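# Architecture at a glance
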Amino acid sequence: MKFFVDTADVAEIRDLADAGLLDGVTTNPSLIAKSGRAFKEVIAEICKIVEGPVSAEVTALDFAGMIREGNDLRKIAKNVTVKVPLTIDGLKACKALRAEGAMVNVTLCFSANQALLAAKAGASFISPFVGRLDDIHLEGMELISEIRQIYDNYGFDTEILVASVRTANHIKQAALIGADVVTAPPAVLKGLAKHPLTDKGIESFLADWKKTGQSIL
Ligand code: G3P
């Protein structure tokens, strides 16, 4: 399973890339606003750090506007993935941009039928938002299972990019289901390395090591 980080914070991206944990990056207009930086400038910087797909979202809602914005974003770097919303115009833009060779991430997916439409439009990635479904007391991970089954039934090669990930459990469940990618905030990705028994083990090994009076260097 691939790991993408869901942030526009370049320092965090660099940190995770240095740990070999990053296969790509996703951003959205809210994350760009949070960064306080110019959209295209921050995407260009991210694309230099990470070789994999970097999602940059269009803000136009009509087909022609999405195509114009998508083509403009693609000029930033080869690994820019154009992110479009799951609407009829978004699906049209997905089909057209894919025909021109662009990578497209169809976002704001909340149902299996929406995911089916994105696959039929040739999306490179579908982004189902599990956390926001959990927020309204639905089962976000159930949607991932349904999409996995549907895509496997028909051999669609659209990658399932689990988004709106809030917990380590979301990531474990996504891996068990066989999702292709998860995108998560930096803290959630880093949190995967944490275990109280790991910390306790380090502490007791170091205490015993001190007793030997030795040093490695
Ligand atoms: O980037 C899309 C998605 O991951 C947003 O997550 O936490 O705002 O629901 P969240």
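Up top is the structure.
Model, not experiment: these values are computed from the prediction.

## Here we look at the site of the ligand
Taken together, D6, N28, K83, F129, R132, A163, S164 and R166 form the complete shell of residues around the ligand. Contact between the ligand and R132: an oxygen atom at 2.6 Å from a side-chain N or O atom of the residue. Computed on the free molecule, the ligand has an accessible area of 310 Å², of which 83% lies beneath the protein chains in the complex. Here the ligand is seated within the largest pocket. Its residues placed into classes, the shell around the ligand shows two nonpolar, two polar and four charged.

## Some words on the packing of helix α6 (residues 112-120) against helix α8 (residues 140-154)
Taken N-terminus to C-terminus, the directions of α6 and α8 make an angle of 40°; their axes are 9 Å apart at the nearest point. If you check the angle between α6 and α8, you find them oblique. The two elements α6 and α8 cross, and the hand of that crossing is right-handed. Within the contact between the two elements, α6 uses A112, A115, L116 and A119 and α8 uses L143, E146, I147, I150 and Y151. Tallied by class, the residues present in the contact of α6 with α8 amount to eight nonpolar, no polar and one charged.

## Brief notes about the state of the cysteines
Taken as a whole and judged by the stated rule, the model has zero disulfides. C94 carries a free sulfur, and the closest cysteine sulfur to it, the one in C109, is 12 Å from it.

## Some words on the nonpolar core
One finds V84, V106, I126 and V162 to be the most contacted residues of the largest nonpolar core, which totals 60 residues. Looking at which element gives the most residues to this core, the answer is α8, with six residues. Apart from residues lying up to four places away in sequence, V84 is in contact with V58, M66, G90, A93, C94, V104, N105, V106 and T107.

The rules behind these values
Residues numbered from 1 in each chain as written. Predicted model: local features only at pLDDT ≥ 70, side-chain atom pairs only at ≥ 80, totals over all residues. Heavy atoms only, no water. Near = heavy atom within 4 Å. Polar contact = N/O pair within 3.5 Å; in protein donor to acceptor, adjacent residues only side chain to side chain. Areas by Shrake-Rupley, 256 points an atom, 1.4 Å probe, with all protein chains shown as cover. 1 Å grid on protein atoms, 1.4 Å probe; cavity = no way out; pocket = protein on both sides within 12 Å on 5 of 7 lines; lining within 4 Å. Sits in = over half its atoms within 2 Å of the grid points. Nonpolar A, V, L, I, M, F, W, Y, C, P; charged D, E, K, R; others polar. Axes fitted to C-alpha atoms, helices over the stretch in contact; angles between N-to-C directions. Helix = DSSP H or I, 4+ residues; strand = E, 2+ residues; numbered from the N terminus. Parallel < 35°, antiparallel > 145°, perpendicular 65-115°, else oblique. Left-handed = near helix turned anticlockwise from the far one by under 90°. Contact = heavy atoms within 4.5 Å. Disulfide = S-S within 2.5 Å. Core = buried A, V, L, I, M, F, W, Y, C linked by side-chain atoms within 4.5 Å. Buried < 20%, exposed > 50% of the residue type's maximum accessible area, 1.4 Å probe, protein only.

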